[in-house]
Amino acid sequence: MDRRTVLKGLAGVGSLAATGGLSMPAHSQGAAARTLRFVPQANLANFDPIWGTQYVVRNAAALVWDTLYGLDATLQPQRQMVESEEVSDDGLVWTFRLRPGLKFHDGEPVLSKDVVASLARWSARDPMGLMLKAIQNELTAVDDRTFKWALKAPYPKMLLALGKNSTPCAFIMPERIAQTDPFKQIPEYIGSGPMKFAKGEWVPGAKAVFEKFADYTPRQEKTSWLAGGKQMLVDRIEWVVIPDAATAAAALQNGEVDWWESPITDLVPSLKKNRNINVDIADPLGNIGSFRMNHLHPPFNDVKVRRAVLAALSQEDYMRALVGDDTALWKPLPGFFTPDTPLYTEEGGEILKGKRDLAMAKKLLAESGYSGQPVTCVVAQDQPITKAQGDVTADLLKQMGMNVDFVATDWGTVGSRRAQKTPPGQGGWGMFHTWHAGADCVNPAVYNAVRGTGDKAWFGWPTSAAVEKEVTAWFDAKNLDEEKAAVKRLNKAAMEDVVYAPTGFFLSYTAWRKDVSGIAKGPLPFFWGVSKTA
Amino acid sequence: MVSYILRRVLSTLPVMGIVALFVFSLLYIAPGDPAAVIAGDQASPADVERIRQGLGLDRPFLIQFGTWLWHILHGDLGTSIFTNLPVSAMIAQRIEPTFSLMAITLVLTILVAVPLGVAAAWKAGSWIDRTIMAFAVFAFSLPVFVVGYVLAYVFALQFEWLPVQGYTPLARGFWPWLQNLILPALALGTVYIALIARITRASMLEVLQQDYVRTARAKGLGQRNILFVHALKNAAVPIVTVIGIGIALLIGGAVVTESVFAIPGLGRLTIDAILRRDYPVIQGIVLLFSFLYVLVNLMVDVTYTLVDPRIRY
């Protein structure tokens, strides 16, 4: 019997016990009513959202640091710290005015100089920021509440860049903190967001605490994702890191925590049976499973081999390995962009549709001249999503007649090995697995993995002039129709060149106790509007 | 004795140095890169390299080791790559939960295992002996996490007597502190109870067959007196040895237990640090554990002289 089987069994039994009418323990009641106890998806190991770009850091940072704009549920950037903006007729000069009364947690007012320093630090790390920096004439504070960004060329996606939720977000910090080298950690965690970070209570790997910032003035609009009025209805939020999924499930059932961000799929059925717990889809933008083939070295430097793999792979196999038999949680994805978002397209995705063609895959493989050299498939076993995908791929490649060198390791090793450009036999790699948050795949600006800039591209280093031409076309697009047309062509080109292999679109659940309300579906946990009655 | 203890303590220093060099070298040659972990999945290779440079990880091995050793000699365990917090502060933050768990486990183990072993030896061959030994075999075969889940299900989910996870510092009261530790200590202690009960039984059986025990019985000494005053003291050397080894093993067991019960102790800190390649934290913990290991061995040696006057250093 393995560990997973044991935990599933016990969590299931635990749930049955709870549905059987057992009362909840006393420690879930009373004094904790104004404290929300939240189990995040991962440990908050550092707290600089520009230096470290993990999602969990971004999610915590969204409580502490505010942004100039915030993306709403329709994926449109809305004003947040900004009161108004103007762009010159030639599109070269953007002038922004901050809304009055903004304060940092140390009591100091938020001034333009703080924004300028923050944007300078952010733009050294963020892909859209780097684009802005490359065409920047000057970024200056005009007065305490006004700042100006003068460019050498128009940048129509300016507001999206400042409001996007893909990491790193353009969080605003005090000038003295924002002047920290972007490749070094900040020393203080002072923001102007709705919650203050209680650094003294921080136990990295175990607990992070946020307290309500009394001087925060929310916008008056209705809240929508990162936009609108961020009304805090609890005084204190405790992030409780529980590394073991069965323990997290038991803690939620026992009332020791209120909200579990990412329950593993195996435990969801038992949580659903518990009358005190709500379970729902966490993020409608979901995730895109993927594996990346190394375009620099044989055999995947040959597009025929990459296409052979696409022709043979079954996205259903991958999705069932990832999320089990819950068909509500996944769908096939014959494309690269997030389903049900404006730019979604299946243009050129025929190779991923219909019956899987192993014979054609073998034929393409033979035509490529593949002669049995090992394919180094690097798989992070400590990440269930990558492990499940890696197992399916290894089987697929074997069926195709490829010689698989399966390297089972941990994510830290994959992270360093995938950066190696040397051939697989000399420390490099042939393929690795990962997944992309759907929120990062809604347009080309925030979507590193789909780019084909060769040596400068994301790991795997695909070169695709056709893809890059359409990325430029999308940036230059003047309206949504032009954007859609560019992305259609981009999708087709990316599929033909197989920049990477999408393994399907999948959703995940979130679970919370029924005395908590106001939890919104979105690409990150939003705490504003969340209240607790017990 | 004092000079012996001093010599032993001083001798730990080179041992710790060698262990530190070994661990540092292992980490250096092992695959994995903290910069890649920090940068996240979407980072570019250039970003990862800049972070490596910022952390000083691009410097030659000898310079990194020398710098680290220099800091250690000045009482500075360094700064965590990830949290930017001093390693000593991180260890200090985590030491209480782990030591509390180990202390409760140890007390529980000795209180339960030694009487069980003595009883089994006293009633050797009887149903009492067979029951205790059957329990010992069964308990010894159970993985800590299985025991942990079962205990959590029964005492937390079913009866709702105890919490499933977490840790409350002793400063907030004895009962709040203890209630978080009972289940993990039981889970962690089960295997040690089984082990020490078996060793106690075997050791006691050997002693109970000695001539002096027969003499004591012939003199009409009571059973309790024979067992706990005469026999147990002479059977104590192997028991103390196993308890000493057990303390060292508890460190390893604590890693799993702390994960299952979400206790923010050194075990979890170690796992997190290894997965993230947080080198200064790993090195700091290894140094601490090496020191503890040597210290436990020393305490065991000293205890020998107390329980058996024939042993002298």
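Residues numbered from 1 in each chain as written. Chains lettered and ligands numbered in written order. Predicted model: local features only at pLDDT ≥ 70, side-chain atom pairs only at ≥ 80, totals over all residues. Heavy atoms only, no water.

### So, the overall build of chain A
Of regular secondary structure, chain A possesses 15 helices and 21 strands. Taken against the 2.2 N^0.38 rule, which gives 24 Å for 534 residues, the C-alpha radius of gyration of chain A at 24 Å falls within 12% of a compact globule. Seen through its C-alpha atoms, chain A measures out along the principal axes to roughly 70 × 70 × 40 Å. Looking at the 534 residues of chain A, the share that counts as buried comes to 61%. Summarising the internal contacts of chain A: among those between residues at least 6 apart in sequence, 73% fall at separations of at least 24. As displayed, chain A has an accessible area near 19100 Å², and 51% of this comes from carbon and sulfur atoms. (Helix = DSSP H or I, 4+ residues; strand = E, 2+ residues; numbered from the N terminus. Rg over C-alpha atoms; globule rule 2.2 N^0.38 Å. Buried < 20%, exposed > 50% of the residue type's maximum accessible area, 1.4 Å probe, protein only. Contact = heavy atoms within 4.5 Å. Areas by Shrake-Rupley, 256 points an atom, 1.4 Å probe, with all protein chains shown as cover.)

### Section: the UniProt feature "transmembrane region" (unreviewed entry) in chain B
Per the UniProt annotation, the sites labelled "transmembrane region" (unreviewed entry) are residues 12-30, 99-122, 134-157, 177-197, 235-261 and 281-307 of chain B. With 100% helix and 0% strand, the stretch residues 99-122 of chain B has end C-alpha atoms that lie 34 Å from each other. (UniProt positions renumbered as here; feature names shortened; annotations may be inferred.)

### Description of the pattern of salt bridges
Under the defined criterion, the tally for this structure stands at 34 salt bridges over all chains. In this structure, the salt-bridge partner of B:Asp129 is B:Arg201, at a minimum N-O distance of 2.6 Å. Pair noted here: B:Asp129 is in helix H6 (residues 127-141) and B:Arg201 is in helix H8 (residues 174-208), with a separation of 72 residues, a long-range link. On the basis of relative accessible area, B:Asp129 is assigned to the buried category, the value being 4%. Each member of the salt-bridge network shares a partner with another, and the members are A:Glu201, A:Glu211, A:Arg236 and A:Glu238. (Salt bridge = Lys/Arg side-chain N within 4 Å of Asp/Glu carboxyl O.)

### Describing the interface of chain B and chain A
Chain B puts 50 residues into the contact, and the matching count from chain A is 60 residues. For the pair chain B and chain A, the summed buried area comes to about 4500 Å², and 55% of that belongs to carbon and sulfur atoms. At the junction of chain B and chain A, the tally comes to 1 salt bridge. For A:Asp410, the salt bridge is made with B:Arg277, and the minimal N-O distance between the two is 2.8 Å. Looking at the side of chain B that touches chain A, the elements that each hand over two or more residues are helix H2 (34-39), helix H3 (45-55), helix H5 (87-122), helix H7 (144-158), helix H10 (223-260) and helix H11 (266-276) of chain B. Counting residues per element, the side of chain B that touches chain A draws most heavily on H7(B), which supplies 8 residues. Considering only residue class, the side of chain B that touches chain A consists of 29 nonpolar, 11 polar and 10 charged. (Buried area = accessible area lost by both parts, 1.4 Å probe. Nonpolar A, V, L, I, M, F, W, Y, C, P; charged D, E, K, R; others polar.)

### What to know about the sheet that holds strand E6 (residues 136-143) of chain A
All names here are of chain A. Spatially, E4-E5-E7-E6 is the arrangement adopted by the 4 strands of the open sheet, whose pairing is antiparallel. Two strands close off the open sheet at either side, each with one partner strand: strand E4 (82-87) and E6. The sheet shows a mean angle of 15 degrees between the axes of neighbouring strands, taken without regard to direction. (Pairing = 2+ DSSP bridges. Axes fitted to C-alpha atoms, helices over the stretch in contact; angles between N-to-C directions.)

### Quick look at the packing of H5(B) against H11(B)
Residue and element names in this part refer to chain B. It is the contact of H5 with H11, at a shortest axis distance of 7 Å, that shows an interaxial angle of 135 degrees. By the angle between their axes, H5 is oblique relative to H11. Residue-level contacts link Met90, Ile91, Arg94, Ile95 and Thr98 of H5 to Leu266, Gly267, Arg268 and Leu269 of H11. Residues belonging to the contact of H5 with H11 are distributed by class as follows: 5 nonpolar, 2 polar and 2 charged. (Parallel < 35°, antiparallel > 145°, perpendicular 65-115°, else oblique.)

### A look at the nonpolar core
Counting residues in hydrophobic clusters, the biggest one holds 250 residues, and the most contacted among them are A:Phe47, A:Leu68, A:Leu119 and A:Phe210. Sorting elements by how many residues they give to this core places H8(B) first, with 15 residues. Excluding its chain neighbours within four sequence positions, the residues that come into contact with A:Phe210 are A:Phe47, A:Ala60, A:Leu63, A:Val64, A:Met195, A:Lys196, A:Phe197, A:Asp235, A:Arg236, A:Ile237 and A:Trp239. Grouped together as the second largest cluster of nonpolar side chains are 6 residues, B:Phe24, B:Phe65, B:Trp68 and B:Leu287 included. (Core = buried A, V, L, I, M, F, W, Y, C linked by side-chain atoms within 4.5 Å.)

### Comments concerning the confidence of the model for chain A
Here chain A shows a mean pLDDT of 91. Residues at 70 or above account for 94%. Counting interchain partners and residues more than four positions distant, the pLDDT-below-50 stretch residues 9-31 of chain A has 49 contacts. (pLDDT = per-residue confidence, 0-100.)

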